[in-house]
Amino acid sequence: IIQAAFTLLCDASETLKKSNDGGDLMISATMSFASNWLTPRLPRFCNQHEEFNISIEASDQPINLARANIDVAIRYGEGGYDELYSQMLFTDLVTPVCTPKMAKKYSTPGELLHAPRVDYHWTGFNDRDPSWPKWFTAAGLPDRDLESSTIFSEEHMVLAEAIAGRGFALIGIVAAADAIQRGDLVCPFSVALKNRSYYFVCQQHVLNLQKVTAFRDWIINEAKRFDAFVEQHQEMQFENIQRSEDL
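First things first, this report covers the structure right here in the doc. (Residues numbered from 1 in each chain as written. Predicted model: local features only at pLDDT ≥ 70, side-chain atom pairs only at ≥ 80, totals over all residues. Heavy atoms only, no water.)

1. Quick look at the environment of Y85
Then comes step 1: Position of Y85 among the secondary structure elements: in strand β4 (residues 84-97).
Then comes step 2: Residues Y85 and C202, 117 residues apart in the sequence, show an inter-C-alpha distance of 5.4 Å.
Then comes step 3: Residues contacting Y85, with those up to four places away along its chain left out, are F200, V201, C202, Q204, L207 and R216. (Helix = DSSP H or I, 4+ residues; strand = E, 2+ residues; numbered from the N terminus. Contact = heavy atoms within 4.5 Å.)

2. A closer look at the nonpolar core
Then comes step 1: By size, the foremost hydrophobic cluster in this structure holds 54 residues, and its most contacted members are F33, L38, I74, F90, F200, F215 and I219.
Then comes step 2: Sort the elements by how many residues they give to this core and helix α8 (residues 210-232) lands first, with nine residues.
Then comes step 3: Ignoring sequence-local partners within four residues, the contact set of I219 consists of W37, L38, I74, L89 and F200.
Then comes step 4: Counting residues in hydrophobic clusters, the runner-up holds 19 residues, among them C98, M102, F189 and L193. (Core = buried A, V, L, I, M, F, W, Y, C linked by side-chain atoms within 4.5 Å. Buried < 20%, exposed > 50% of the residue type's maximum accessible area, 1.4 Å probe, protein only.)

3. What to know about the side chain of D119
Then comes step 1: Locating D119 in the fold gives a position in strand β5 (residues 117-120).
Then comes step 2: Here D119 occupies a buried position and makes no salt bridge, while the nearest side chain of opposite charge, R117, is found at 5.9 Å.
Then comes step 3: Within polar-contact distance, the side chain of D119 engages the side chain of H121 at 3.5 Å.
Then comes step 4: For D119, the residues in contact, after removing those within four places along its chain, are W132, S149, T150, I151, F152, V158 and L170. (Lys, Arg positive; Asp, Glu negative; His and termini not counted. Salt bridge = Lys/Arg side-chain N within 4 Å of Asp/Glu carboxyl O. Polar contact = N/O pair within 3.5 Å; in protein donor to acceptor, adjacent residues only side chain to side chain.)

Below you can see the structure in the form of structure tokens.
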């Protein structure tokens, strides 16, 4: 009986091991990061690793990796993931973006006070996060009575409004990068707010699984490519960068 029980235990353990390092890679990320940054780049990973089936769980609510069927996560925060393996990918900078045409019409922060604006308040948004009043304060225009702006809960909606020419969007360059590269949007001002950072995280005991290692190495390389892209674009070399939480 003891031998039979031991055999069953070994079989169950082997089954679990195979499922954990099998062909399905489960990724958790915020709605914005998943739709605006990760998804456009993911085909490069899929082309390199056809052995994996990719599933993305997009949610702005942090998922408990110990309780969920998630292999890796991209967290948007300030670090401190003590019980997890973590690797910072990049820090986001928030600045107004608009169409090239609109940038010609409103060329100074003062003119932007009276321009149409759209705003993004995600789940968990609080007073420490970037906002129009904070950006105007950083630009040297504090305590202004701002005209109302349209607020969206999803960043891709804010991007769509800006690309359509319906206003300036106060948004992270991580989300706006592809639209900037295409020429749909520009960053007309040299003022930006330093926001939170993006981290690759996973449980310590899954770090050596082939699928986890492959994705970690790939996304770290993609983060380096993104940093190089930012450095090559003069309009994203902001002269005035201030921490959002300090304003």
